[in-house]
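The chain contents come next:
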Amino acid sequence: MNYLLTHSKKLLSLVLILALFTACEDYQDLDVDPVDTGDADFSSYVAVGNSLTAGFQNNALYQSGQKYSYPNLIARQVNQSEGFTQPIISDPGISSGDGRIELTNLDPVQTITNSSMGSPTTQAEKPFANLGIPGAVLVDYLNPNNSGDLKERATDDSRPDYNPFYGIVIEQSELAKDAPNLHNQVAKQDPSLVTFWLGNNDVLGFVTSGGEGQPITNPNDFDQLYQGSAQALGSTGANVVVYNIPDVTTIPYVFYLRTQLEQQGAIVYNEESQSYQLVTEQGNFDIYIEANGGSRVMRQADFPLLSAQEYFAQVQAGEAQPPVQPQTAIPDQLVLDGPAGGPQGSSELEQAAGAVQQYNATIENVAASAGFTVVDINQIFAETFNTFQSSGGEEGYQTNGLNLRPVPGELFSFDGVHPTNRGSAVIANETIEAINNSMNAGIEKINVSKIPEGFPVAN
């Protein structure tokens with residue numbers, strides 16, 4: 001059982017309303033007619049990306065979430081939904097972990113993982129217009145000489161890095177090649193417009209594992225791969241929209257647990273010692289974390305990850321030793337450690353932030369040279385996070401009378417990485433705004449308040 005340690009009354013009310021009235025929303029009302037698409041041609045719209053593009057949320061890919069993937073919302077908004085095919089998976093979907101995260105209780109908010117599996121239902125419609133593949137990295141787009149081991153990762157279920165989503169999304173005839181890739185699936189559809197959002201997973205696997213998992217893609221390699229991908233995209237003749245990579249500290253998987261613990265009064269930051277301390281009945285004690293070079297006290301730039309929720313719940317329940325000594329430090333894989341006197345750039349946070357900065361410089365430069373439209377998701381998420389911080393956790397992204405804070409259950413789903421239905425609508429609207437500005441279009445934005453939150457509730 002995963003416990004959300006604390007949530008606002010607003011979220012509790014939101015979830016209660018959702019559980020009662022989600023089914024009342026008429027999705028058909030999202031269609032808009034007529035549509036001024038300007039110079040943008042949506043007649044053959046293809047979306048390339050990873051889980052963010054696929055509609056993945058709450059740690060799974062499932063039909064009722066895919067319905068609100070941001071590319072599908074865009075296609076509906078320009079009345080092209082019939083031609084926009086997706087690799088639909090029946091609820092509760094297929095998870096990249098232990099199962100879909102579902103609500104079991106409202107007060108206090110509690111969740112559980114549903115290990116049941118859905119199944120693909122639209123395989124005959126390949127190649128899909130939505131080519132979002134959970135787990136995809138930039139090298140997969142061209143996969144030169146199978147340099148990303150895509151063939152093996154997609155077909156060999158005995159490998160630890162086997163990913164079933166490749167086989168679900170990509171045609172089997174493509175995967176049978178020596179060097180399968182995503183671009184062939186794009187080119188086959190003679191696209192008129194492509195949205196392209198890859199690169200997140202080139203750093204995210206490192207971040208979400210506390211630096212213990214998938215290594216960060218070297219920025220020089222990223223630059224070469226992105227330039228090659230841009231050339232391939234340009235050769236299709238399609239209009240291309242690209243997205244940059246958010247700062248890792250603006251997603252709740254990284255920042256939110258520490259915020260929760262502070263709001264709960266379980267931990268405090270000691271200005272004098274410049275360290276975080278655990279609040280106990282016996283007094284406040286420095287918190288220790290495992291980091292490169294051994295255990296040390298937790299500083300202001302250190303982030304216990306959302307994966308540490310259960311660990312802290314066990315500490316609070318007396319089921320685990322509190323991390324107040326070096327030998328009982330918070331395990332390294334549960335913390336993204338920041339700079340603390342080591343060589344500059346050596347901490348996990350610095351490595352990740354530096355890579356994102358260089359990735360985004362590449363995306364900006366390549367897009368400018370190729371004439372691609374850029375959606376600055378990094379700035380949008382950063383502004384939302386800064387608003388959240390400066391308001392004491394009360395405010396977030398404002399739209400259509402909604403206040404969507406960058407926390408699980410509002411802008412983000414309960415996995416702390418992927419957007420909710422409404423979060424996807426925000427991304428769709430930011431994309432529409434970028435297209436309107438760069439392609440002389442007048443596409444109406446989605447009324448986000450008409451999009452149901454759609455949190456899965458356990459039976």
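It should be emphasised that the depicted structure is a prediction, and the values quoted were computed from it without experimental measurement. (Residues numbered from 1 in each chain as written. Predicted model: local features only at pLDDT ≥ 70, side-chain atom pairs only at ≥ 80, totals over all residues. Heavy atoms only, no water.)

Caption draft 1: How the structure looks around the pairing of strand β2 (residues 45-49). Counting buried positions along β2 gives five out of five residues, so the element sits mostly inside the fold. Because side chains alternate across β2, one face comprises the buried residues Y45, A47 and G49, and the other comprises V46 and V48, equally buried. Relative to strand β8 (residues 193-197), β2 runs parallel, the two being bridged by five bridges. The residue of β8 that forms the bridge with G49 is W197. In this sheet, strand β7 (residues 130-132) lies alongside β2 in parallel orientation, the contact comprising three bridges. Directly across from A47, in β7, lies its bridge partner N130. (Buried < 20%, exposed > 50% of the residue type's maximum accessible area, 1.4 Å probe, protein only. Helix = DSSP H or I, 4+ residues; strand = E, 2+ residues; numbered from the N terminus. Pairing = 2+ DSSP bridges.)

Caption draft 2: The arrangement of the layout of surface pockets in detail. Taken as a whole, the largest pocket spans an internal volume of roughly 1,300 Å³. Secondary structure elements with two or more residues in the lining of the largest pocket: β1 (2-3), β6 (109-114), α6 (164-169), α9 (201-208) and α12 (309-316). Among the elements that make up the lining of the largest pocket, the one with the highest residue count is α9 (four residues). Along the lines of polarity and charge, the residues of the lining of the largest pocket split into 18 nonpolar, 19 polar and five charged. Of the pockets and cavities examined, the second largest pocket occupies roughly 320 Å³. As for the second largest pocket, its lining consists of 15 residues, and the residues nearest its centre are V137, V139, S147, G148 and T217. In terms of residue class, the lining of the second largest pocket is built from four nonpolar, five polar and six charged. (1 Å grid on protein atoms, 1.4 Å probe; cavity = no way out; pocket = protein on both sides within 12 Å on 5 of 7 lines; lining within 4 Å. Points joined across faces, edges and corners; volume = space filled by probe spheres on them. Nonpolar A, V, L, I, M, F, W, Y, C, P; charged D, E, K, R; others polar.)

Caption draft 3: Layout of the nonpolar core. Counting residues in hydrophobic clusters, the biggest one holds 121 residues, and the most contacted among them are F42, V48, Y141, F196 and I435. With eight residues, helix α13 (residues 348-370) is the largest single contributor of residues to this core. The residues contacting F196, other than those within four sequence positions of it, are V48, L138, Y141, Y226, S229, L233, V241, V242 and Y243. (Core = buried A, V, L, I, M, F, W, Y, C linked by side-chain atoms within 4.5 Å. Contact = heavy atoms within 4.5 Å.)

Caption draft 4: How the structure looks around the environment of T328. The topology assignment puts T328 in the loop between α12 and β16 (335-336). Between the C-alpha atoms of T328 and I289, which are 39 residues apart in sequence, the distance is 8.4 Å. Discounting residues that sit within four places of it in the chain, T328 has contacts with Y311, Q321, P322 and P323. A distance of 2.8 Å separates the side chain of T328 from the backbone oxygen of P322, its partner in a polar contact. (Polar contact = N/O pair within 3.5 Å; in protein donor to acceptor, adjacent residues only side chain to side chain.)

Caption draft 5: Representation of the sheet that holds strand β10 (residues 267-270). Spatially, three strands are ordered β10-β11-β12 in an open sheet, and the strand pairing comes out antiparallel. In this open sheet, the two edge strands, each paired with only one partner strand, are β10 and β12 (283-286). Geometrically, the sheet is characterised by an average inter-axis angle of 40° between neighbouring strands, direction not taken into account. Relative to strand β11 (residues 275-280), β10 runs antiparallel, the two sharing four bridges. Directly across from I267, in β11, lies its bridge partner L278. (Axes fitted to C-alpha atoms, helices over the stretch in contact; angles between N-to-C directions.)

Caption draft 6: Region of interest: empty space enclosed by the protein. Enumeration over the complete set of coordinates arrives at two cavities of 30 Å³ or more. Considered as a void within the structure, the largest cavity measures approximately 170 Å³ in volume. Lining the largest cavity are 18 residues; nearest its centre among them are L52, N200, L204, P246 and I251. At the level of elements, α2 (51-54) and α9 are the ones that each hand at least two residues to the lining of the largest cavity. For the lining of the largest cavity, the leading source of residues is α9, giving three residues. In the lining of the largest cavity, the residues fall into twelve nonpolar, five polar and one charged. Reported here for the second largest cavity is a volume of approximately 40 Å³. Lining the second largest cavity we find F381, L411, F412, P419, G423, V426 and I427. When residues of the lining of the second largest cavity are assigned to their parent elements, the largest contribution, three residues, is made by helix α15 (residues 421-438). Split by residue class, the lining of the second largest cavity holds six nonpolar, one polar and no charged.

Caption draft 7: Spotlight on the packing of α9 against α13. Relative to each other, α9 and α13 sit at 170°, their axes nearing to 10 Å. With respect to each other, α9 and α13 are oriented roughly antiparallel. Taking contact as the criterion, the partners of D202, V203, F206 and V207 in α9 are, on α13, E348, Q351, A352, A355, V356 and Y359. (Parallel < 35°, antiparallel > 145°, perpendicular 65-115°, else oblique.)

Caption draft 8: Local environment of the sheet that holds β2. Read from one edge of the open sheet, five strands run β7-β2-β8-β9-β17, paired in parallel fashion. In this open sheet, the two edge strands, each paired with only one partner strand, are β7 and β17 (373-375). With direction set aside, neighbouring strand axes in the sheet form an average angle of 15°.

Caption draft 9: Spotlight on helix α4 (residues 70-77). The element α4 is extensively covered by neighbouring structure, given that eight of its eight residues are classed as buried. If you check which residues of α4 are buried, you get Y70, P71, N72, L73, I74, A75, R76 and Q77.

Caption draft 10: How the structure looks around unusual backbone geometry. A cis amide bond links D91 to the next residue, P92, at an omega of 5°. Position of P92 relative to the elements: it lies in the loop between α4 and β4 (94-95). Here the amide bond leading from K126 into P127 is cis, since omega sits at -5°, within 30 degrees of zero. Inspection of the secondary structure puts P127 in the loop between β6 and β7. The backbone phi angle of N143 is positive, close to 45°, even though this residue is not glycine. For N143, the position within the fold is in the loop between β7 and α5 (150-155).

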